[in-house]
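Structure at a glance
The primary structure of each chain is shown beneath.
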Number of protein chains: 2
Amino acid sequence: MKRTILIFSALIIALFSLMQLGKYVLVQNSSSAEWIIAGIAVAFFFIGILINRKSQQKETLKAGKASSSQLRELGLSKREYEVLIHLSEGHSNKEIADLLFVTESTIKTHVSNILLKLDARRRTEAIAKARELDLLVR
Amino acid sequence: MKRTILIFSALIIALFSLMQLGKYVLVQNSSSAEWIIAGIAVAFFFIGILINRKSQQKETLKAGKASSSQLRELGLSKREYEVLIHLSEGHSNKEIADLLFVTESTIKTHVSNILLKLDARRRTEAIAKARELDLLVR
DNA sequence: AGATTACTCATACTAAAGTACCAAATCTTA
DNA sequence: TAAGATTTGGTACTTTAGTATGAGTAATCT
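Our subject in this report is the structure included herewith. (Residues numbered from 1 in each chain as written. Chains lettered and ligands numbered in written order. Predicted model: local features only at pLDDT ≥ 70, side-chain atom pairs only at ≥ 80, totals over all residues. Heavy atoms only, no water.)

Quick look at the nonpolar core
- Membership of the largest hydrophobic core comes to 21 residues, with the highest contact counts inside it found for Leu76, Val83, Leu84, Ile107, Ile114 and Leu118 of chain A.
- Contributing elements (two or more residues each) for this core: α4 (78–88), α5 (93–100), α6 (104–118) and α7 (123–132) of chain A.
- When residues no more than four places from it in sequence are discounted, the contact partners of leucine 84 of chain A are Leu76, Ile114, Leu118, Ala126, Ala130 and Leu135 of chain A.
- Counting residues in hydrophobic clusters, the runner-up holds 20 residues, among them Leu84, Val111, Ala126 and Leu135 of chain B. (Core = buried A, V, L, I, M, F, W, Y, C linked by side-chain atoms within 4.5 Å. Buried < 20%, exposed > 50% of the residue type's maximum accessible area, 1.4 Å probe, protein only. Helix = DSSP H or I, 4+ residues; strand = E, 2+ residues; numbered from the N terminus. Contact = heavy atoms within 4.5 Å.)

Some details on the protein's contact with DNA strand C
- Lining the immediate environment of DNA strand C, one finds 17 residues, of which Lys108 and Arg123 of chain A together with Ser77, Arg79 and Ser105 of chain B sit closest.
- Expressed as a percentage, the sugar and phosphate content of the atoms of DNA strand C within 4 Å of the protein is 65%.
- Asparagine 93 of chain A has a polar backbone atom sitting 3.1 Å from a phosphate oxygen of DNA strand C.
- Threonine 109 of chain B has a polar side-chain atom sitting 3.4 Å from a base nitrogen of DNA strand C.
- Counting residues per element, the ones that place at least two in the surface near DNA strand C are α6 of chain A together with α6 (104–117) of chain B. (Near = heavy atom within 4 Å. Polar contact = N/O pair within 3.5 Å; in protein donor to acceptor, adjacent residues only side chain to side chain.)

A closer look at the protein's contact with DNA strand D
- Around DNA strand D lies a shell of 18 residues, among which Ser77, Arg79 and Ser105 of chain A together with Lys108 and Arg123 of chain B are the nearest.
- Taken together, the sugar and phosphate atoms account for 65% of what DNA strand D places within 4 Å of the protein.
- Here histidine 110 of chain A contributes a side-chain N or O atom positioned 3.0 Å from a phosphate oxygen of DNA strand D.
- Between DNA strand D and lysine 108 of chain B, the relevant distance is 2.7 Å, taken from a base oxygen to a side-chain nitrogen or oxygen of the residue.
- For the surface near DNA strand D, the secondary structure elements donating two or more residues are α4 and α6 of chain A together with α6 of chain B.
- Along the lines of polarity and charge, the residues of the surface near DNA strand D split into 3 nonpolar, 9 polar and 6 charged. (Nonpolar A, V, L, I, M, F, W, Y, C, P; charged D, E, K, R; others polar.)

Comments concerning the pattern of salt bridges
- Scanning all chains against the criterion turns up 14 salt bridges over all chains.
- The partner of arginine 79 of chain B in a salt bridge is glutamate 82 of chain B, with the nearest N and O atoms 3.3 Å apart. Of this pair, arginine 79 of chain B and glutamate 82 of chain B both sit in helix α4 (residues 78–88), 3 residues apart, which is roughly one turn of that helix.
- Assessed through its relative accessible area of 30%, arginine 79 of chain B is described here as partly exposed.
- Judged by its relative accessible area of 30%, glutamate 82 of chain B falls in the partly exposed class.
- Several salt bridges share partner residues, and in doing so they unite Glu95 of chain A together with Arg121, Arg122 and Glu125 of chain B into one network. (Salt bridge = Lys/Arg side-chain N within 4 Å of Asp/Glu carboxyl O.)

A short note on the packing of α4 of chain A against α5 of chain A
Residue and element names in this part refer to chain A.
- Across the interface, α4 lies against α5 with an axial gap of 10 Å and an inter-helix angle of 125°. The orientation of α4 with respect to α5, classified from their angle, is oblique. As for how α4 packs across α5, the hand of that crossing is right-handed. On α5, the residues touching Arg79, Glu82, Val83, His86 and Leu87 of α4 are Ile96, Leu99 and Leu100.
- When its residues are assigned to classes, the contact of α4 with α5 shows 5 nonpolar, 1 polar and 2 charged. (Axes fitted to C-alpha atoms, helices over the stretch in contact; angles between N-to-C directions. Parallel < 35°, antiparallel > 145°, perpendicular 65-115°, else oblique. Left-handed = near helix turned anticlockwise from the far one by under 90°.)

A short note on the environment of threonine 106 of chain B
All names here are of chain B.
- Topologically, threonine 106 is positioned in helix α6.
- Residue class for threonine 106 comes out partly exposed when judged on its relative accessible area of 28%.
- Placed 10 residues apart in sequence, threonine 106 and isoleucine 96 show a C-alpha to C-alpha distance of 9.9 Å.

With respect to unusual backbone geometry
- For aspartate 119 of chain A, which is not glycine, the phi torsion reads 55° and is therefore positive.
- In this structure, aspartate 119 of chain A sits in the loop between α6 and α7.

What to know about the packing of α4 of chain A against α7 of chain A
Residues and elements named next belong to chain A.
- One way to put it is that α4 packs onto α7 with a least axis distance of 10 Å and a crossing angle of 105°. Considered as vectors, α4 and α7 are oriented roughly perpendicular to each other. Residues Leu84, Leu87 and Ser88 of α4 form the contact with α7, whose own contacting residues are Arg123, Ala126, Ile127 and Ala130.
- Of the residues contributing to the contact of α4 with α7, the split by class is 5 nonpolar, 1 polar and 1 charged.

Printed below as a string of structure tokens:
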């Protein structure tokens, strides 16, 4: 939502910049107006794509959705975030252990740390909070 | 992401529609070109907002999100759905029991039934599946 | 009215999850 | 390279979660 607003703002600014160019071209040849507007449309399109791609690179860390700055703020490590994602997918500790090729004991440690850092008492609460913080996809 | 693409497509279409109007106005008075482009920009903006709002309205249905037909298909009762929502909020069985003024035993029964009906082995998996089925808000 | 479904609750288990410590190896970074 | 953070793993223990089974009550449908 916030991203969408940003994109629109940027597009509006781009449009008004193009207006300055368009204005002078128009007084020379008003019959080519439709081409200028088409040009603006194309510019709009590519600027939108560019901004979108840029913000995605910055915000999307691998599979998940959290930005690295967001994770740093919470104190969540890369591995812990990985476990958190598997948690949200409904896996048991054993299953996550198998997925990440470590022991269940290790996952328990990770989960405990996640609960501490997210101030949750249960894995389900951790998932809810992570979703609230916009750390998870979907 | 898909929504963003949709918005852009709609905007491009809107722009080319406005082109038709703009073309005829321009041949009459080419000095007003800048106002026409400004109009297009404003139109863009409001169309974007409208589309965004519409897609939001479609996604957010009431407090819960599931349609009663969807619940009937899954065999989930009203009460079970209620428990499911509290589950997704990260509450323990005891907490849900207190929220609904019943015993923990009752909640255990409900949860067991929910797991059966959603074909899940853990409450976290039930939450994930419920989200997949679009039964939950957010 | 009788059958069905939903909701409630209990007991007795088993299985997961979570806590508290401790400790070693590896990565990062100032 | 030394210090700190990360990742991994273990033991022992407590707490939740989940299963199985039975059963009573109320509401709904035929």
